[in-house]
Amino acid sequence: MKILQGQGVSKGVEHGPIYFCRRSQTLIQPDKADDPRFQGERLDRAMEQAAQQLGQMAELARAQAGDSAAQLFETHAMFLEDEDYTGAMEELLAEGYCAEYAVDQAGEQFSAMLAAMDDPYMQARAGDVKDVTGRILNNLMGVVEGGIDSQVPVILAAADLAPSETIQLDKSKILAIATQGGSGNSHTAILARTMGIPAVCGLGASFNESYHGKQAYIVGETGQVIFDPDQETLQSLKARQAQQAQRRALMRSMAGREDVTLDGRKIKLCCNIGSLEDVDAVLANDGQGIGLFRSEFLYLAAGGCPSEEDQFQAYKRVALAMKGKRVIVRTLDIGADKQAGRFHLNREENPALGLRAIRICLNHPEVFHTQLRALYRASACGKIAIMFPMIASVWEVKECRRACQRVMDELTAEGIPFNPDTEIGIMIETPAAVFMAPELARLVDFFSVGTNDLTQYTLACDRHRSDLGKFFDPHHPAVLRALKMAADAAHEAGIWIGICGELGADPNLLPIFLAIGIDELSVAPSAVLPLRAALRKSIANRCTLDLLMS
Ligand code: PEP
Ligand code: MG
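Calculation notes
Residues numbered from 1 in each chain as written. Chains lettered and ligands numbered in written order. Predicted model: local features only at pLDDT ≥ 70, side-chain atom pairs only at ≥ 80, totals over all residues. Heavy atoms only, no water. Donors = N, O, S within 2.8 Å, 3.2 Å for Na, K, Ca; no water. Helix = DSSP H or I, 4+ residues; strand = E, 2+ residues; numbered from the N terminus. Buried < 20%, exposed > 50% of the residue type's maximum accessible area, 1.4 Å probe, protein only. Near = heavy atom within 4 Å. Polar contact = N/O pair within 3.5 Å; in protein donor to acceptor, adjacent residues only side chain to side chain. Areas by Shrake-Rupley, 256 points an atom, 1.4 Å probe, with all protein chains shown as cover. Contact = heavy atoms within 4.5 Å. Axes fitted to C-alpha atoms, helices over the stretch in contact; angles between N-to-C directions. Parallel < 35°, antiparallel > 145°, perpendicular 65-115°, else oblique. Left-handed = near helix turned anticlockwise from the far one by under 90°. Disulfide = S-S within 2.5 Å. Domains from an automatic or database assignment. Salt bridge = Lys/Arg side-chain N within 4 Å of Asp/Glu carboxyl O. Pairing = 2+ DSSP bridges. Lys, Arg positive; Asp, Glu negative; His and termini not counted. Core = buried A, V, L, I, M, F, W, Y, C linked by side-chain atoms within 4.5 Å. Patch = residues over 30% accessible without salt bridge, like charges linked within 9 Å, V, L, I, M, F, W, Y side chains within 5 Å.

A closer look at the coordination of the magnesium ion (ligand 2)
In the first shell of the magnesium ion (ligand 2), the protein supplies E429 (OE) and D453 (OD), at 2.0 to 2.1 Å from the metal. Of this pair, E429 sits in the loop between β13 (423-428) and α16 (431-435) while D453 sits in helix α18 (residues 451-458), and the two are 24 residues apart along the sequence. When its relative accessible area of 2% is taken as the criterion, E429 is described as buried.

In structure tokens:
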């Protein structure tokens, strides 16, 4: 038996073969080939396949998310024709190298050349070249689209996964996720929880490609990857799986029940989503609304700014699917780990403290305006609410409100329907917002606490680093006191307050949320029914603020 220890970031036990994706990126050796002509033919086939895939993906993207989403793949396809890029491959083939090495090196050279250019647009294309290079390599090595060339579902393994990669994976093929890097607060972990897939991250470099193809158990609760379990461990794993199946059945019995404590206190249990696809999970888990739609994933999937029409269609679809239940769309929150080279953001020394979220929107009024127009238009089709991330100052909220007013005036003048009473809220994610909560509460309709960032900024602790371990403690009394300060200010001003950070899904904290008077919890869809079960067993009047003191 062998056990690798990492950090469990999404619960559940699954068993299956380990599948290391993006093998191509690390295994390429400068091997010489005996038959250069054969290598040339292989390369041609891989390029043709890439062109076909990109054409299909552009069409799919156009149908699902509109023209601007399709453009990303069209740009990728153009690189397949670039003579500098393909010329470098041919030279290496002529020197006798295998096709894989020729592609890998040509990709490195060409992307380095673009990255060194002065023009930020061209610099940003370096990432596109890496994507295209990866695609050709995958074709050469038989790794199929979606990164998973397997007939059976697998445990997806990788050094790390970018959020944009995670959303593009074929989820029907993924039993669980295991990564060398990452932490529980990374967006990949959040997405795993949204999809209800067990995940372990921070396994370190010893979890490497030598495990590709090996059967393993992933235990999301303990953060373990277990190979060849001994008899006793096997029995306990099977028992856990049986309990898991039982728990799932029990949870299903919670669907359709009210979110209420034994003594009648209600907390609305809603869901966090990152894409249109996630709405199915919200409905399946009986979420009472969407408390956080991370709209930036539309931008990441589109590789840039989706047009007003594309965004309108996306928000409208979610609003209609939720049939009158509230859908809180958070305006664009890129920067930090959600790096978007195509927005031409500069590399920053401290990205979490830099140009991100609302700061980008206020600096790029045209991007903000387009999103607000789409949101207000969608407000005529369902119960849309708008939420601004990373607020630190009163003036930011006033400027956001002015931007909303401009959009409403425009739509009125154009005779386009919208809901003028669309709720406007802010995320409480910075200590500044907590201290300013009484003033901020007078400007908005609701608060939603982003405990992932609030913990990061309150404790001065990077949420994405796996090695900070116990120092990143969302249960820290400082974070809980911040929560109470924000809640008191909200209630004093007569507005409601929710939590949409990961902390909201922790059933052990329900008593404190009840004691503080939190009105809504927005969590991964898979966390709704377990929370409902815990809520329905709670007595709100017996909950105390003890945890705040220790
Ligand atoms: C948060 O910070 O808690 C939050 C919900 O936003 P995100 O995780 O997307 O930064
Ligand atoms: Mg945040």
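What follows continues from the structure just given.
Notes on the site of ligand 1
Neighbouring residues of ligand 1: 15 residues in total, closest R294, R330, E429, N452 and R463. Here E429 contributes a side-chain N or O atom positioned 2.8 Å from an oxygen atom of ligand 1. One of the side-chain N or O atoms of R463 is found 2.8 Å from an oxygen atom in ligand 1. The fraction of the free accessible surface of ligand 1 (290 Å²) that becomes covered by protein chains is 100%. Contributions of two or more residues to the shell around ligand 1 are made by α8 (187-195), β10 (290-294) and α18.

Describing the environment of Q123
Mapped onto the elements, Q123 comes out in helix α6 (residues 120-141). Separated by 58 residues in the primary sequence, Q123 and G181 have C-alpha atoms spaced 26 Å apart. Among all residues touching Q123, those that are not within four sequence positions of it are L114, A115, M117 and D118.

Quick look at the packing of helix α4 (residues 83-94) against helix α5 (residues 99-115)
Geometry of a packed helix pair, given as the angle between the helix axes and the separation of the axes. Two elements in contact, α4 and α5, have axes separated by 8 Å at closest approach and are oriented at 140°. In terms of orientation, α4 lies oblique with respect to α5. In terms of crossing hand, the pair formed by α4 and α5 is right-handed. Along its contact with α4, which presents D84, Y85, A88, M89, L92 and L93, the element α5 presents A99, Y101, A102, V103, Q105, A106, G107, Q109, F110 and M113.

A word on the state of the cysteines
This model, assessed by the stated rule, comprises zero disulfides. Here C270 is not cross-linked by a disulfide; its sulfur's nearest cysteine counterpart is in C271, at 7.0 Å. On the basis of relative accessible area, C270 is assigned to the buried category, the value being 2%. No disulfide involves C404; its nearest neighbouring cysteine sulfur is the one of C400, lying 6.9 Å away. With a relative accessible area of 0%, C404 lands in the buried category.

Concerning the domain arrangement of the chain
Taken domain by domain, the chain comprises domain 1 (2-22 + 147-250), domain 2 (36-141) and domain 3 (253-549). Using C-alpha coordinates to define each centre, domain 2 is positioned 38 Å away from domain 3.

A word on the pattern of salt bridges
Charged atoms that come close allow side chains of opposite charge to pair. Considering all chains together, one arrives at 21 salt bridges under this definition. A salt bridge links R532 to D286, with the nearest nitrogen and oxygen atoms 2.7 Å apart. Here D286 lies in the loop between α10 (278-284) and β10 and R532 lies in helix α21 (residues 525-536), a separation of 246 residues in the sequence. By relative accessible area, R532 is classed as buried at 0%. Among the residues examined, D286 registers a relative accessible area of 16% and is labelled buried. Three or more residues are tied together by salt bridges with common partners; here these are E296, R330, D333, R356, D453 and R463.

Some thoughts on the pairing of strand β7 (residues 215-219)
Most of β7 sits inside the fold, with four of its five residues counted as buried. As paired strands, strand β3 (residues 13-20) and β7 are joined by five bridges and run antiparallel to one another. Each residue of the ladder has a partner; that of E14, found in β7, is I218. Pairing of β7 with strand β8 (residues 224-227) involves three bridges; the strand directions are antiparallel. Across the sheet, V219 pairs through a bridge with Q224, a residue of β8. Taken together, β7 and the strand that follows it, β8, pair antiparallel across an intervening segment of four residues, in which G223 is found at a positive phi of about 75°.

Remarks on the side chain of E429
In this structure, E429 is buried with no salt-bridge partner, the nearest side chain bearing the opposite charge being R330 at 4.5 Å. Polar contacts involving the side chain of E429 include one to the main-chain amide nitrogen of M390, which spans 2.8 Å. In contact with E429, other than residues within four places in its own chain, are P389, M390, G450, D453, L454 and Y457.

Notes on the nonpolar core
Counting 87 residues, the largest nonpolar core has F388, F447 and L521 as its most contacted members. When sequence neighbours within four positions are dropped, the list of residues in contact with F447 reads I426, I428, A437, L440, A441, A486, A490, I495, W496, I497 and G498. Within the second largest apolar cluster, 33 residues are counted, among which are I28, A58, F79 and A126.

Quick notes on the sheet that holds β13
The eight strands are arranged β9-β10-β11-β12-β13-β14-β15-β16 in a closed barrel whose pairing can be described as parallel. In this sheet, adjacent strand axes meet at a mean angle of 25° when their direction is disregarded. When strand β9 (residues 268-273) meets strand β16 (residues 520-523), the two strands line up parallel, connected through four bridges. For C270, the partnering residue across the bridge sits in β16 and is S522. The strands that helix α14 (residues 365-378) touches are β11 (327-330), β12 (384-388) and β13; relative to β12, the one it contacts most, it runs at about 155°.

Let's talk about the sheet that holds strand β6 (residues 199-201)
As a general point, the strands of a sheet are linked pairwise by backbone hydrogen bonds and lie either parallel or antiparallel. As summarised here, the arrangement of the eight strands in space is β1-β8-β7-β3-β4-β5-β6-β2, forming an open sheet in which the pairing is mixed. Both edges of this open sheet fall to β1 (2-5) and β2 (7-10), since each of them pairs with a single strand only. The mean angle between the axes of side-by-side strands here comes to 30°, regardless of whether they run parallel or antiparallel. Packing of helix α9 (residues 231-252) onto the sheet brings it into contact with β3, β7 and β8, and relative to β3 it is tilted by some 110°.

Considering a nonpolar patch on the surface
Residues F435, M436 and M485 make up a contiguous nonpolar surface patch of roughly 300 Å² in combined accessible area. Within the element layout of this structure, M436 appears in the loop between α16 and α17 (437-441).

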